[in-house]
Amino acid sequence: MVINNTEVEKQQKKRRREWWLFPFHVLGTVRTMKTSGAASSATGHRHASRADKGRHVYKYIRGILWFFFLLYLLTCGPDLLWLLASSSFAGGEVAAVEPHAARQSLHSTMSLPTLFSRALVEASDDTVVQQPIKLLSASGLMEDLKVFVYELPSRFNSDWLSNERCSNHLFAAEVAIHRALLKSSHRTLKPEEAHFFFVPIYATCNFSTVNGFPAIGHARPLFATAVAHIASAYPFWNRSNGADHVFVATHDHGACFHTMEDVARKDGIPEFLKRSIIVQTFGVKGQHPCQDAAALTVQIPPYVPPEAIGKALAERKRKRDIWVFFRGKMEIHPKNISGRFYSRGVRTEIWRRYSGRRRFFVKRERAEGYLSEIARSVFCLCPLGWAPWSPRIVESVALGCVPVIIADDIRLPFPDAVPWPEISLTVAERDVGRLGRILSHVAATNLSAIQRNLWRDSNRRSLLFNVPLRHGDATWQVLRALAGHRRRTPVSSS
């Protein structure tokens, strides 16, 4: 017998392509058996039991086939399962959490509907979950980086430290970065060899006597006066028109210096800062005048005292007995401020829907044990305030509570160092009413994988400002970002 190998190979390829039709071929065969059994019942009552038996056999085999078919999908076809899930759940209750990304191959070829966090998709692949986070090496990128720190009159910085809050509140990165640079090996006392010039201004330490919050109205003239001072006392500002000068602006909307976004947009960044480098907490996806008008913006996390985090970690209990946690400002009847509502009404909705729920720990007052409560929690809600960013994101990551970020279009700091899609959940503001179902779905799928990723020490280190600077910490990340934009050699002042 002569065997045609080409024909055999064609048949084998056809069978491999049509593997998924196998259960249906078998079902068709069983259905024929069932039909034959049913037809034979017409010959008499004696054959009725045979038809019933055929139907039972059909159902039994159908169940077995579907079981093995689904088992194959779960073990060998996760990509196909993702496609099936995305088409099945789109628009349903689970479709409330934005996907940061699916698998890279799918992400590059199609736009997936809103489904769930990337962490939920990738947890089934141990190579993704267990892959170590690699910080870019300081050698090469930061080698010989030099920063000159201006010595400004005390009215621009140290005078404000008479209030202890100045160095500890959520905007205090302006103080921490200054202190870290003063003790850093990257600091140079020779301005002619510097790649960058740091201008230390503490703009958020003017606390209002009315409500205790920072009053930011003085920030623009304070910055303008500081620039005038260095431009007259040193040659370096005029040499580059400030292009190599670094400022820190940690208020709600950065160097736009206003709490309300519409006013911040209208005012914009001061003209004299637009050629400079702005280090700020504010960041959103897409274009925004408070982040795009400057020559370069480096986004940083809000300040959380590392000593407080260390204390909470030392005292934490191993068991997390709070399922969902939020403590902070929530207006029961939000004030309408020229058509604007605090947190765009998100925090009010959280209070109305979840303050009485058994599994939700939602409180409106700050308490002494606030950080220890985060350390006891599984999920920590991080809704926007007047601006998208919140110190709760840093506190949650540092203490191992999964941050549930509720702030549309927020951009998160240091994405090269912190794998945000693998350690956090992002919920659309409009889907706050579905939080219970969303978090139950996460808990039932791969919560342990998210927590394992979250607990890496590198995440905590990247988001905290230490004095002195530590390799990989928040100030180090700022220097790394600056190093990516440094000139090959400093420009001579001559």
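Residues numbered from 1 in each chain as written. Predicted model: local features only at pLDDT ≥ 70, side-chain atom pairs only at ≥ 80, totals over all residues. Heavy atoms only, no water.

Participant: Account for the overall build of the protein, with residues named and values stated.
Facilitator: Of the regular secondary structure elements, the protein holds 22 helices and 10 strands. In the protein, which comprises 494 residues, the share counted as buried stands at 47%. (Helix = DSSP H or I, 4+ residues; strand = E, 2+ residues; numbered from the N terminus. Buried < 20%, exposed > 50% of the residue type's maximum accessible area, 1.4 Å probe, protein only.)

Participant: Explain the pattern of salt bridges to me, and be specific about the residues and the numbers.
Facilitator: A full pass over the atoms with the stated rule returns 10 salt bridges. Put simply, Glu 373 and Arg 327 hold a salt bridge, and the shortest N to O gap is 2.9 Å. Residue Glu 373 is found in helix H16 (residues 370-375), and its partner Arg 327 is found in strand S6 (residues 322-327); the two are separated by 46 residues along the sequence. A single burial state applies to Glu 373 and to Arg 327, both of which are buried. Here Arg 461 ties to Asp 457 by a salt bridge, and the two come within 2.8 Å at their closest N and O atoms. Taken together, the residues span about one helical turn, with Arg 461 and Asp 457 both in helix H21 (residues 457-463) at a distance of four residues. What makes Asp 457 partly exposed here is its relative accessible area of 43%. (Salt bridge = Lys/Arg side-chain N within 4 Å of Asp/Glu carboxyl O.)

Participant: Tell me about the confidence of the model for the protein, and please be specific about residues and values.
Facilitator: For any part of a model where pLDDT is low, the fine detail of the predicted coordinates should not be relied upon. Mean pLDDT over the protein works out to 80, with 71% of the residues at or above the 70 mark. Contacts of residues 36-47 to residues separated by more than four positions or lying in other chains number seven contacts, the stretch itself having pLDDT below 50. (pLDDT = per-residue confidence, 0-100. Contact = heavy atoms within 4.5 Å.)

Participant: How would you summarise the sheet that holds strand S2 (residues 196-198) if you had to cite specific residues and measurements?
Facilitator: Within the open sheet, the five strands sit side by side as S1-S2-S3-S4-S5. Their pairing is parallel. One side of each edge strand has no neighbouring strand; the edge strands of this open sheet are strand S1 (147-149) and strand S5 (296-299). Averaged over all pairs of adjacent strands, the angle between their axes in this sheet comes to 30°, without regard to strand direction. Sheet analysis places S1 next to S2, joined by three bridges and oriented parallel. (Pairing = 2+ DSSP bridges. Axes fitted to C-alpha atoms, helices over the stretch in contact; angles between N-to-C directions.)

Participant: Mind laying out the pairing of strand S3 (residues 245-249), listing which residues take part and the relevant values?
Facilitator: In terms of burial, S3 is a largely internal element, five of the five residues being buried. What you see with S3 is no split at all: His 245, Phe 247 and Ala 249 on one side and Val 246 and Val 248 on the other are buried throughout. In this sheet, S3 lies alongside S2 in parallel orientation, the contact comprising two bridges. Considered in S3, the bridge of Phe 198 is made with Val 246. Direction of pairing for S3 relative to strand S4 (residues 277-280): parallel, over a ladder of four bridges.

Participant: Pulling in residues and values, what's your account of helix H20 (residues 447-454)?
Facilitator: Within the sequence span of H20, burial applies to Leu 447, Ala 449, Ile 450, Asn 453 and Leu 454. Along the axis of H20, the buried residues cluster in a sector spanning 165°; they form a single face. (Arc of directions from axis to C-beta.)

Participant: Before we move on, can you summarise the environment of Lys 335 with the specific residues and values?
Facilitator: In this fold, Lys 335 is placed in the loop between S6 and helix H15 (346-354). Residues Lys 335 and Gly 345, spaced 10 residues apart in sequence, show a C-alpha to C-alpha distance of 9.7 Å. Residues in contact with Lys 335, not counting those within four places in the same chain, are Arg 340 and Phe 341.

Participant: Can you break down the nonpolar core residue by residue, with the values?
Facilitator: Ranked by internal contacts, the top residues of the largest apolar core, which has 80 residues, are Ile 350, Phe 379 and Val 404. When residues of this core are assigned to their parent elements, the largest contribution, six residues, is made by helix H22 (residues 474-483). Not counting residues up to four positions away in its chain, the partners in contact with Phe 379 are Trp 323, Val 324, Phe 325, Cys 401, Val 402, Val 404, Leu 425, Leu 439, Val 442, Ala 443 and Leu 447. (Core = buried A, V, L, I, M, F, W, Y, C linked by side-chain atoms within 4.5 Å.)

Participant: Break down a nonpolar patch on the surface for me, with residues and values.
Facilitator: A contiguous nonpolar patch, built from Tyr 60, Ile 64, Phe 67 and Phe 68 and spanning about 460 Å² of accessible area, is present on the exposed surface. Looking at the element boundaries, Tyr 60 is found in helix H3 (residues 48-76). Owing to a relative accessible area of 58%, Tyr 60 belongs among the exposed residues under this scheme. (Patch = residues over 30% accessible without salt bridge, like charges linked within 9 Å, V, L, I, M, F, W, Y side chains within 5 Å. Areas by Shrake-Rupley, 256 points an atom, 1.4 Å probe, with all protein chains shown as cover.)

Participant: I'd love a proper account of the state of the cysteines, names of residues and values included.
Facilitator: Any covalent bond linking the sulfur atoms of two cysteines counts as a disulfide. Across all of its chains, the model carries three disulfides by this definition. One disulfide bridge connects Cys 166 with Cys 205, the sulfur atoms lying 1.9 Å from each other. A torsion of 75° about the S-S bond marks the disulfide between Cys 166 and Cys 205 as right-handed. Linking Cys 166 in the loop between S1 and helix H9 (173-182) with Cys 205 in the loop between S2 and helix H10 (219-233), this pair joins segments that are 39 residues apart in sequence. Judged on exposure class, the residue Cys 166 and its partner Cys 205 are both buried. Shown here is the disulfide that connects Cys 256 with Cys 290, its sulfur atoms set 2.1 Å apart. Handedness here is read from the sign of the S-S torsion; for Cys 256 and Cys 290, about -115°, the answer is left-handed. Separated by 34 residues along the polypeptide, Cys 256 in the loop between S3 and helix H12 (261-267) and Cys 290 in helix H13 (residues 289-292) bring together distant segments of the chain. Accessibility assignment for this pair places Cys 256 and Cys 290 in one class, buried. By sequence-ordered numbering of the bonded cysteines, the protein has its disulfides arranged as 1-2, 3-4, 5-6. (Disulfide = S-S within 2.5 Å.)

Participant: Mind laying out the sheet that holds strand S9 (residues 402-406), listing which residues take part and the relevant values?
Facilitator: Taken in spatial order, the five strands make up an open sheet running S7-S6-S8-S9-S10, and their pairing is parallel. The open sheet has two edge strands, strand S7 (360-363) and strand S10 (425-426), and neither has a second partner. The sheet contacts of helix H17 (residues 391-398) involve S6, strand S8 (377-383) and S9, and relative to S8 the element is tilted by about 165°. Of the strands in this sheet, S8, S9 and S10 touch H20, which is tilted by about 100° from S9.

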